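# Secondary and tertiary structure notes
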Amino acid sequence: MNEFGMRLRSGALCLITFAALVVLLGGNLIVLDARAQSQGDWIDVHFHLIADKGDLDSFDEAARAALQIMDAERIRTIVVMSPPRPRENFDIESLADIAKKYGPRIVMLGGGGTLNPMLQEAGKSPEVPEEVRRRFEETAQRIIASGAKGFGEITAHHVSLSPSHGYESVPADHPLLLFLADIAAQHDVPIDLHFDPVPADVEKPSNLSSPRNPAVLKENLGGFQRLLAHNRKAKIVWAHAGTDPVGYFTPKLVRELLGRHSNLALSIRPTGPFPGAMVPPKGAINDEWIAVLRDFPDRFVIGSDNFVVATRYTGPDAPRIFAQRAEIQRHGIRRLLSHLPADLARRIGYENAERLYRLRR
Ligand SMILES: [Zn+2]
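Residues numbered from 1 in each chain as written. Predicted model: local features only at pLDDT ≥ 70, side-chain atom pairs only at ≥ 80, totals over all residues. Heavy atoms only, no water.

### Observations concerning the pairing of strand β1 (residues 42–50)
In terms of burial, β1 is largely enclosed, as nine of its nine residues are buried. Pairing of β1 with strand β2 (residues 75–80) involves three bridges; the strand directions are parallel. Bridge pairing links D44 to I78 in β2. Between the parallel pair β1 and β2, the chain is carried across by helix α2 (residues 56–73), and the sense of this crossover is right-handed. With four bridges joining them, β1 and strand β13 (residues 306–309) adopt parallel strand pairing. Of the residues in β13, the one forming a bridge with I50 is V309. (Buried < 20%, exposed > 50% of the residue type's maximum accessible area, 1.4 Å probe, protein only. Helix = DSSP H or I, 4+ residues; strand = E, 2+ residues; numbered from the N terminus. Pairing = 2+ DSSP bridges. Right-handed = clockwise from strand over helix to strand, strands pointing away.)

Take a look at the structure:
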């Protein structure tokens, strides 16, 4: 056999191998798809569309990409919001247009780019000047008047996962956050709160290598519980249950706080590379988490924390890095929902979100 013949033969072998792979992959895809059909729809309450300030065309491009994902994944609704910005930024300006155009499939929260920076700035002092309080209230009321379904993404403690990802920390019972709880209660809307819990002062864990994190992480659970107790009509949706970069956001803590605070709910981000994940990328689903879900079936929703980034976006690179993990996260959500009994999958998948975010009205 000459060289040409050899090439032909190995080419044919490659083709056969490729065909076998397709059959194999096709088989797996059919299996995955059948699972998705049986596990029902879901609502994603924590979703970020990322584009530059005022670039509505790019927001629209990101929204259309999100809608394609929603169709493929049977996601009924996504709740979009600005990440919790450390400094005053844009917020709902373009998202309000997107929510008008694509509602009710895309709805928004507001405050991540306005209220959260005001909170972080005010957090440096326990006193809040009257002028700041007034501006904060005006902004919050304007957000709701613009059609937002609640406030988010707000943070009281947010660790940095890369040099382009901020560190933010304020006492969770800071007067402005208590005030926001009252405003949320007044409108019967939730606050989406990113809160990395720390039960006692600890040295920064070695995996949090970003230079933005402080050397010591301060105890913050006392303030969080005072926030929860401040106004029982304020629904606090604690984001990112199931994946915790710090190590204290455990099923045990969540069970304890759910038992004590009737106005606490959590959104699940099940998959991550951290120990104790609800749905580890490899290996079995975490039974301890599942037991909490079963014992508090009305208190959990799904929030993937997915980022869809517009092609023309020119900001820091963290959103693009997070966007690459979106498919792994959705796979984890499919795994979780298909693992749960049908009734619980329906409640956690979408019924709880419809009630908490009042999506049917
Ligand atoms: Zn977050």
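### A closer look at the side chain of H194
As for its position among the elements, H194 is in strand β7 (residues 190–195). Here H194 falls in the buried class, since its relative accessible area comes to 8%. In this structure the side chain of H194 is engaged in a polar contact, spanning 3.1 Å, whose partner is the side chain of E153. Not counting residues within four places of it along the chain, the set of residues in contact with H194 comprises E153, I154, T155, A156, H157, H158, A239 and H240. (Polar contact = N/O pair within 3.5 Å; in protein donor to acceptor, adjacent residues only side chain to side chain. Contact = heavy atoms within 4.5 Å.)

### Some remarks on the pairing of strand β5 (residues 151–158)
Taking burial as the measure, the eight residues of β5 include eight buried ones, the bulk of the element. Relative to β5, strand β4 (residues 110–111) runs parallel, the two sharing two bridges. Bridge assignment links G110 to a residue of β5, and that residue is F151. As paired strands, β5 and strand β6 (residues 168–169) are joined by two bridges and run antiparallel to one another. Within the sheet, the bridge partner assigned to H157 lies in β6 and is S169.

### A closer look at the coordination of the zinc ion
Protein coordination at the zinc ion comes from E153 (OE), H194 (ND1) and H240 (NE2), with a distance range of 1.8 to 2.3 Å. Owing to a relative accessible area of 2%, E153 belongs among the buried residues under this scheme. (Donors = N, O, S within 2.8 Å, 3.2 Å for Na, K, Ca; no water.)

### Some words on the packing of helix α5 (residues 130–145) against helix α6 (residues 175–187)
Contact geometry for α5 and α6: axes closest at 11 Å, N-to-C directions at 30°. Taken together, the axis directions place α5 and α6 in an arrangement best described as roughly parallel. As α5 runs across α6, the sense of the crossing is right-handed. Contact residues: V132, R133, F136, E137, A140, Q141 and I144 in α5; L176, F179, L180, I183, Q186 and H187 in α6. Grouping the constituent residues of the contact of α5 with α6 by class yields eight nonpolar, three polar and two charged. (Axes fitted to C-alpha atoms, helices over the stretch in contact; angles between N-to-C directions. Parallel < 35°, antiparallel > 145°, perpendicular 65-115°, else oblique. Left-handed = near helix turned anticlockwise from the far one by under 90°. Nonpolar A, V, L, I, M, F, W, Y, C, P; charged D, E, K, R; others polar.)

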